[in-house]
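Coordinate inspection notes
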Amino acid sequence: MTVRIAVIGAGIMGADHARIVAEDLPGATLQVICDPSVERAGRVADACGALHTATDARAVVDRADVDAVIIASPDSTHATLSLACIGARKPVLCEKPLSQSSRECLEVIAAEIAAGRRLVQLGFMRRFDQSYVEMKAALATGVLGRALMMHNFHRNMENPAADFTAAMAITNSAPHEFDVARFVLGIDFTAISAFQPKRSDALVAPVFMVLETDDGQLVNIEINNNAAYGYDVRGELVGEKGSIALNTPSHSRLDLPLAQIIAHAPDWRPRYGEAYRRQNRAFLTFVQTGEFPASAADCWDGYAAAIVAETGMRALSRGCRTTVEMAERPSFYRKEHFT
Ligand code: ISE
């Protein structure tokens, strides 16, 4: 039977998820597009052939004709809507971050544990990106030797959203790196230092962070939300015997007199298009089988990213290295629990 999916939020990511459900998820139906703006919901519904539009997200979660939910509304709504999905016992793919507050993440975790089954998959899509998959695999085979350092650059061409604030460099953009480094290295972070250069204008300035892991690695992260030239994510994992770097996929190269040009994507959607598709297919399988996808992020991963982001904000404002104080991981989220 087809899985009837509601997409909550018809902004940049909601529209993208709706398109993936409509075009790339055989076995799923795009049942509802929900957005406070009727026009926006209508535009996405028309473009993707959704059956219904709605404006009340809570009511959509409870609809009898909705089996599963994708949350792509503003960050501040993610935790509340995830709680609603847990309450309705409906599997949900929630865009990152789960919340910008680690305390709120713990509330979602408590609700999921009380429900007694996995319901929330978190949209850290880089875990499904082939470059990171190969990076993790290379480390696992032992060819790199012991991991020493991971370098990460995350550049947006311009502020990713009209309402993007300085804090969001750490609370909205950097969680991708916090999560993917945890995923690739299989570590947790123990401390973070954060620095910021001065811009000549009022745009959100870059943030540069150095993180320490519980296995003795160093991870550095540059977040530059106003890099001016395009969307550019780079990464390199350095081991004792070798290193592995991400390659940005590109379909062509333009050769001109004395120049070679490889175009930059304007934002993350083309760069991670295949990762989003894989992630959403994994979500559909999760809905169909009840088995949580092996490499997907869960609420605990959302908490881990949020606590590191909170600590990073403190490190930046105090100007000193700050220890990450993580809660204890509930056995519910230990991988062994599911195998
Ligand atoms: C946005 O929310 C994303 O998830 C993008 O991948 C990231 O590049 C951007 O900085 C975020 O604002």
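How each quantity is defined
Residues numbered from 1 in each chain as written. Predicted model: local features only at pLDDT ≥ 70, side-chain atom pairs only at ≥ 80, totals over all residues. Heavy atoms only, no water. Near = heavy atom within 4 Å. Polar contact = N/O pair within 3.5 Å; in protein donor to acceptor, adjacent residues only side chain to side chain. Areas by Shrake-Rupley, 256 points an atom, 1.4 Å probe, with all protein chains shown as cover. pLDDT = per-residue confidence, 0-100. Phe/Tyr/Trp six-rings, centres within 6.5 Å; stacked < 30°, edge-to-face > 60°. Helix = DSSP H or I, 4+ residues; strand = E, 2+ residues; numbered from the N terminus. Buried < 20%, exposed > 50% of the residue type's maximum accessible area, 1.4 Å probe, protein only. Pairing = 2+ DSSP bridges. Right-handed = clockwise from strand over helix to strand, strands pointing away.

With respect to the site of the ligand
Around the ligand, the neighbouring residues are Lys96, His154, Asn156, Pro160, Phe164, Asn172, Ser173, His176, Asn225, Tyr231 and Trp268. A distance of 2.8 Å is found between an oxygen atom of the ligand and a side-chain nitrogen or oxygen belonging to His176. Here the ligand has 300 Å² of accessible area as a free molecule, and 92% of this is covered by the chains.

Here we look at the confidence of the model for the chain
Per-residue confidence for the chain gives a mean pLDDT of 96; residues scoring 70 or more make up 99%. With pTM at 0.96, the complex prediction returns an ipTM value of 0.97.

With respect to the packing of aromatic side chains
Counted by the stated rule, this structure contains six aromatic pairs. Ring geometry for Trp300 versus Tyr303: centroids 4.8 Å apart, planes at 35°, classification tilted. With Trp300 and Tyr303 both in helix 11 (residues 299–318), this residue pair falls three residues apart, about one helical turn. In this pair, the class of Trp300 matches that of Tyr303, namely buried. Between the aromatic rings of Phe332 and Tyr333, the centroid separation amounts to 4.9 Å while the plane-to-plane angle is 75°, which identifies the pairing as edge-to-face.

A few points about the pairing of strand 5 (residues 92–95)
Alternating positions in strand 5 separate into two faces, Val92 and Cys94 on one and Leu93 and Glu95 on the other, with burial throughout. As paired elements, strand 4 (residues 68–71) and strand 5 share three bridges and run parallel to each other. Its bridge partner lying in strand 5, Ile70 is registered against Leu93. Once the chain exits strand 4 it traverses helix 4 (residues 78–87) before rejoining the sheet at strand 5, and the crossover so formed is right-handed. As a crossover connection, the stretch from strand 5 through helix 5 (residues 102–115) into strand 6 (residues 120–123) is right-handed.

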